[in-house]
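Structural characterization, general
The primary structure of each chain is shown beneath.
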Amino acid sequence: MTNRALGVCYYPEHWPEDQWSSDAALMVETGLSWVRIGEFAWSRIEPREGRFDFGWLDRAIETLGDAGLKVILGTPTATPPRWMVDKHPDMLAVDEHGRPRRFGSRRHYCFSHPGYRDECYRIVTLLGERYGSNPHVRAWQTDNEYGCHDTTLSYSSAARDAFRDWCAQRYQSVAALNRAWGNVFWSMDYDSIDDIDLPNLTVTEPNPAHVMAFRRFSSDQVVRFNRVQTEVLRRHTDAPLIHNYMGRILDFDHFDVGADLDIASWDSYPIGFLSDRIEATPEHKARFLRQGDPDMQAFHHDLYRAVGRSGKTGQPKEGGWWVMEQQPGPVNWAPYNPAPLPGMVRLWTWEAFAHGAGAVCYFRWRQAPFAQEQQHAGLLRPDSAPAPALGEAATVARELADMPQAETATARVALLFDYPSAWAWEIQPQGADFDYFRLSFAAYRALRRAGLSVDILRADGELSGYDLILAPGIATLPQVFLDRLGDFPGTALIGPRSNAKTPDLSIPLPLPPALPGLDATVAQVESLPPGISVPLSAGGAFAHWFEHLEGAAMITETTTAGQPAIMSNGKQHYLAGWPDDAAFDRLIANACTAERIATRNLPDGLRCRDTSTHRFWFNYAPDPVEIDGMTLSPAGVAWVPL
Ligand code: GAL
């Protein structure tokens, strides 16, 4: 396959210098070509303010580069050293209870602190000047995992001051802000934007519009923070700039951060995520305990492929996407940390390539015997003996060499994904189970059960070329989407709860969903507790959420009680509720029939993805499965020409 490579995350500062060259040689022998270093090394680069030690980093880059490895150099801004905190005590992020977070782990900074931003500018400038044209440094990573450990939101005084500026720019006047937020309610009107506090420590819930503004602001602060680094680095290097995003972290708009970068990467920990990041039955969690959820990785591959292509103006760019950290064995951070089934590291890697990844890097080279992550596996054990994943990485490297060229194919089906919707429904879920990711992921899983390859699009993304689009739970549908919908010749499944709010989190008038050409109105909404559902006449049910629709549009499905379940304008359908699995499967099968898209009913755990030339099969199930005359063992991977 073209441009498909393997790599590893390495911490030269953790190991004696005389070990570096044998480590590098073994990386090359394993078939790795990228090595990421440096992202937590600030205290070793600048042990005291203004006193630098670049010597070790020069030598590490040279040793790795001379061995034939390409270096991804991380900026160390996720781990400001202790002296920095003493210099800027108020740079620490403040939690919603008003408590500053402490030094002693990582990500202990507030995105809004101007002094810390200047320090980042300074260290990134020095790194850019020193290594920007180093022939071994072939890519850069900014910071590390923005948002990790709940660090996007900070209630510091720096954040408050910056929030006031942000509000002044967005609303232009306090009168406009009062109007937009509905501050007449409960006498919340402000006389001046400088009176506005952050929305924490209020007696009962703060105004949702206030919180939504704070969430938008906090996301913009991440964009701004990252941009300081990209602007500096672009002056010194032509190498691609990357950030490593996470699984199911939605606190900032990744499309906006991605617009300033060349490659979107993410950190894939399938077994950790199954245990602590997705809703599933205990049976499902037991069945996939050592494999990870069959759709969680693929969802993020497709999401970050879209983030990699997200251009500044919303126009797609030629960005790529990678897996920057791939789980190699048991991790240390989930409630329970089982080991992968033999073959899963290979499967996860191939699945990323089938979805178009340019590189997959394993985290980490050698398990560290010290500090927080001493229980986290690497490709090597702490005593340098090979851990199980090393052999699987070597296998993929050999297989890659023989693999025919294949490009990422555009899918026929697209799912719209929108970060502000995640904030809107977190602020005002209305039902304890209404979670935006959960809804999107339920739709995505259903598409994958039907054997479909899926593209994820931002809400203002280009629809042409797709035959089926799904837009569940998009709080505010962008005008450009509504305009394009009129000309969209395919099938569109919109809702539930789409176009339900203004950007300031109020109910719009005319009432939702206000889709062009569809005379349907949400007259009332209700959320449903677990175990309660609204059965549908055609099969399946709505769970979690149900909207009472009225209007003259055609009712194409009803509940068993005769209420409208879907109202339609030709091939555009508005869903009045959150479909359960059976309803989603049926709706998707019908839509695919209408669009002549072939579907299959895949056995539990078997998944596929098409490239331009091949269909890749992945068996996440703990037992062998049969497909098209082949038997795939557990953790089996197969690719067949299309
Ligand atoms: C990631 C992080 C790495 C390491 C890893 C452990 O979230 O970027 O630095 O902590 O998790 O699984």
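Keep in mind the model is a prediction, meaning the values are calculated, not measured. (Residues numbered from 1 in each chain as written. Predicted model: local features only at pLDDT ≥ 70, side-chain atom pairs only at ≥ 80, totals over all residues. Heavy atoms only, no water.)

**Structural notes on the domain arrangement of the protein chain**
Applicable threshold: In this document the domain limits rely on a domain assignment from an automatic tool or a database. Whether two residues are in contact is decided by their heavy atoms, any of which lying within 4.5 Å being enough. We define buried area as the total accessible area lost by two parts upon association, computed with a 1.4 Å probe and summed across both. Salt bridges are defined as contacts in which a side-chain nitrogen from Lys or Arg sits within 4 Å of a carboxyl oxygen from Asp or Glu. Polar contact criterion, stated in full: a pair of N or O atoms within 3.5 Å, where within protein one must be able to donate a hydrogen and the other to accept it, and residues adjacent in sequence count only if both atoms are side-chain atoms.
What the domain assignment lists for the protein chain is domain 1 (5-148 + 210-402), domain 2 (161-209), domain 3 (413-594) and domain 4 (606-641). Each side of the interface is counted separately: domain 1 has 14 residues, and domain 2 has 17 residues. Both faces considered, domain 1 and domain 2 share a buried interface measuring about 1200 Å² in area, 68% of it formed by carbon and sulfur atoms. One can count 0 salt bridges joining domain 1 with domain 2. Linking domain 1 to domain 2 there are 10 residue pairs in polar contact (both at pLDDT 80 or more).

**Looking at helix 14 (residues 388-402)**
An α-helix turns once every 3.6 residues. As a result, residues three or four positions apart point the same way. The test is simple: Burial here depends on accessible area, computed with a 1.4 Å probe over protein chains only, as a share of the maximum for the residue type. Under 20% is buried, over 50% is exposed, and the range in between is partly exposed. For helices the rule is a DSSP run of H or I covering at least 4 residues; for strands it is a run of E covering at least 2, with both sets numbered from the N terminus onward.
The complete set of buried residues in helix 14 reads Ala389, Leu390, Glu392, Ala393, Ala394, Val396, Ala397, Glu399 and Leu400. Its buried side turned inward, helix 14 meets strand 1 (5-9), helix 1 (20-30), helix 13 (344-354), strand 8 (359-362) and strand 24 (637-641).

**Structural notes on empty space enclosed by the protein**
Keep this limit in mind: With a 1 Å grid spanning the protein atoms alone, the term cavity applies to any set of points in which a 1.4 Å probe fits but cannot get out, the term pocket to an open set with protein on both sides within 12 Å along at least five of seven lines, and the term lining residue to any residue with an atom within 4 Å of a point. Grid points are joined across faces, edges and corners, and a volume is the space filled by probe spheres set on the points.
Summed over the entire model, instances satisfying the criterion amount to 1 cavity of 30 Å³ or more. By volume, the largest cavity is sized at about 50 Å³. Taken together, Cys110, Phe111, Ser112, Thr152, Ser154, Ala159, Phe217, Ser218 and Gln221 form the lining of the largest cavity.

**A short note on the site of the ligand**
The condition that has to hold: By convention in this text, a residue qualifies as near a molecule or strand provided that one of its non-hydrogen atoms is within 4 Å of it. Each molecule is checked against the cavity or pocket grid, and it sits inside if more than half of its atoms lie within 2 Å of the grid points. Each residue gets one of three labels, nonpolar for Ala, Val, Leu, Ile, Met, Phe, Trp, Tyr, Cys and Pro, charged for Asp, Glu, Lys and Arg, and polar for the others, Gly among them.
The immediate surroundings of the ligand are formed by Phe40, Arg106, Asn144, Glu145, Asp267, Tyr269, Glu325, Trp333, Phe363, Glu373 and His376. At 2.4 Å, a side-chain N or O of Glu145 approaches an oxygen atom of the ligand. Here an oxygen atom of the ligand sits 2.8 Å away from a polar atom, N or O, in the side chain of Trp333. Under a 2 Å grid-point criterion requiring more than half of the atoms, the pocket assigned to the ligand is the largest pocket. Looking at the shell around the ligand residue by residue, the classes come out as 4 nonpolar, 2 polar and 5 charged.

**Section: a negative patch on the surface**
Note the threshold: Put simply, a patch holds well-exposed residues, over 30% relative accessible area, that have no salt bridge, with like charges counted together within 9 Å and Val, Leu, Ile, Met, Phe, Trp or Tyr side chains within 5 Å. Only the protein chains shown count as cover for residues, with accessible areas throughout obtained via the Shrake-Rupley method and a probe of 1.4 Å. The convention is simple: Lys and Arg are positive, Asp and Glu are negative, and His and the chain ends are not counted. Each charge is placed at NZ for Lys, CZ for Arg, CG for Asp and CD for Glu.
Together, Asp165, Asp189, Asp191, Asp194 and Asp195 give the surface a local cluster of negative charge. Here Asp165 shows up in helix 6 (residues 157-171).

**A short note on the sheet that holds strand 4 (residues 137-141)**
Here is the rule: Paired strands, as defined in this entry, are two strands with at least two bridges between them according to DSSP. Only the stretch in contact is used when a helix axis is fitted, and all axes are lines through C-alpha atoms; the angle between N-to-C directions ranges over 0 to 180 degrees.
A barrel is described by the order of its strands in space; here 8 strands give the closed sequence 1-2-3-4-5-6-7-8, paired in parallel fashion. With direction set aside, neighbouring strand axes in the sheet form an average angle of 30 degrees. Where strand 2 (residues 34-37) meets strand 3 (residues 70-74), 4 bridges bridge the pair, whose relative direction is parallel. Each bridged residue has a counterpart across the sheet, and for Arg36 the counterpart in strand 3 is Ile72. In this fold helix 12 (residues 296-308) packs onto strand 5 (241-245), strand 6 (263-268) and strand 7 (320-326), with an angle of close to 160 degrees to the strand it touches most, strand 6. Of the strands in this sheet, strand 1, strand 7 and strand 8 touch helix 13, which is tilted by about 150 degrees from strand 8.

**Some remarks on the sheet that holds strand 12 (residues 491-494)**
The 7 strands lie next to each other as 10-9-11-12-18-17-16, forming an open sheet whose pairing is mixed. Looking along the sheet, the strands with just one partner apiece sit at the ends: strand 10 (454-458) and strand 16 (554-558). If you compare each strand with its neighbour and ignore which way they point, the axes differ by 25 degrees on average. One ladder, built from 4 bridges, connects strand 17 (residues 564-569) with strand 18 (residues 572-575); its direction is antiparallel. The residue bridging Met567 from the neighbouring strand is Tyr574, located in strand 18. The strands touched by helix 12 are strand 9 (413-417) and strand 10; relative to strand 10, the strand with the most contacts, the crossing angle is about 45 degrees.

**Notes on the layout of surface pockets**
One way to see where empty space is left: roll a probe the size of a water molecule over the atoms. Each pocket or cavity is described by its volume, and for the largest pocket that value is around 1100 Å³. At the level of elements, helix 2 (42-45) and helix 10 (270-276) are the ones that each hand at least two residues to the lining of the largest pocket. Residue contributions to the lining of the largest pocket peak at 3 residues, all from helix 2. Along the lines of polarity and charge, the residues of the lining of the largest pocket split into 17 nonpolar, 12 polar and 12 charged.

**Side note on the environment of Ile494**
Looking at the secondary structure, you find Ile494 in strand 12. A C-alpha to C-alpha distance of 9.1 Å links Ile494 and Pro513, two positions 19 residues apart in sequence. Discounting residues that sit within four places of it in the chain, Ile494 has contacts with Ala471, Leu477, Phe481, Leu485, Leu515, His573, Tyr574 and Leu575.

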